[in-house]
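These are the residues of each chain, in order.
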Amino acid sequence: MSNFKPTESDEVQFIEPADLSDWIKHDQKPMVINVSGNHQHLTTYQFPEEPIQSIDIADFASEINELDPDQPVVVICQLGQKSFNAAHRLIESDFSCVYSLHGGLEAWKRYLTS
């Protein structure tokens, strides 16, 4: 088990797959937003479908107001670039506990097979 503790920040933070795996198993799990554009990626990469919300990156800016800025958020995508960009938009919208999955779902897959 990791020693990961979510923290607030005014910058996008990165979370490693092992830390996210532990965090989503707890009662106080984060909101996980998939911006890969393909909900099927979650099955391909064996990512648990709960607590996932899929939002296409093209619609992300218009969906931000529907999200709770007080809830910790982890944004995921296939490689990590789209998720970082989306996480940055959340920070600009006054979200305070925002993470991007370091290496994206590709890193998640490597974590599962290691």
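Residues numbered from 1 in each chain as written. Predicted model: local features only at pLDDT ≥ 70, side-chain atom pairs only at ≥ 80, totals over all residues. Heavy atoms only, no water.

Novice: For this particular structure, what's the right way to read a negative patch on the surface?
Specialist: Taken together, the side chains of D56, D59, E63 and E66 present a region of like negative charge at the surface. Tracing the sequence through the fold places D56 in the loop between β3 (52-54) and α3 (60-63). By relative accessible area, which is 36% here, D56 ends up partly exposed. (Patch = residues over 30% accessible without salt bridge, like charges linked within 9 Å, V, L, I, M, F, W, Y side chains within 5 Å. Areas by Shrake-Rupley, 256 points an atom, 1.4 Å probe, with all protein chains shown as cover. Salt bridge = Lys/Arg side-chain N within 4 Å of Asp/Glu carboxyl O. Lys, Arg positive; Asp, Glu negative; His and termini not counted. Charge placed at Lys NZ, Arg CZ, Asp CG, Glu CD. Helix = DSSP H or I, 4+ residues; strand = E, 2+ residues; numbered from the N terminus. Buried < 20%, exposed > 50% of the residue type's maximum accessible area, 1.4 Å probe, protein only.)

Novice: Please explain the sheet that holds strand β4 (residues 73-76) as it appears in this structure.
Specialist: Two modes of strand pairing occur in sheets, parallel and antiparallel, and in both the strands are linked by backbone hydrogen bonds. Reading across from one edge, β1-β5-β4-β2-β3 is the order of the five strands in this open sheet, with parallel pairing throughout. Only two strands of the sheet have a single partner each, and these edge strands are β1 (13-15) and β3. Each adjacent strand pair in this sheet contributes to an overall mean axis angle of 30°, direction not counted. Here β4 pairs with strand β5 (residues 98-101) via three bridges, running parallel. (Pairing = 2+ DSSP bridges. Axes fitted to C-alpha atoms, helices over the stretch in contact; angles between N-to-C directions.)

Novice: Please clarify how the nonpolar core should be interpreted in this entry.
Specialist: Counting residues in each nonpolar core, the largest one holds 17 residues, and the members touching the most others are I33, F60 and L90. At the level of elements, β2 (31-34), β4 and α4 (81-92) are the ones that each hand at least two residues to this core. In terms of residue count, α4 provides more of this core than any other element does, four residues in total. Not counting chain neighbours up to four residues away, the residues in contact with L90 comprise F60, I64, L67, V73, V75, F95 and V98. Core analysis: the next-biggest nonpolar cluster, separate from the first, contains 14 residues, C97, Y99, L105 and W108 among them. (Core = buried A, V, L, I, M, F, W, Y, C linked by side-chain atoms within 4.5 Å. Contact = heavy atoms within 4.5 Å.)

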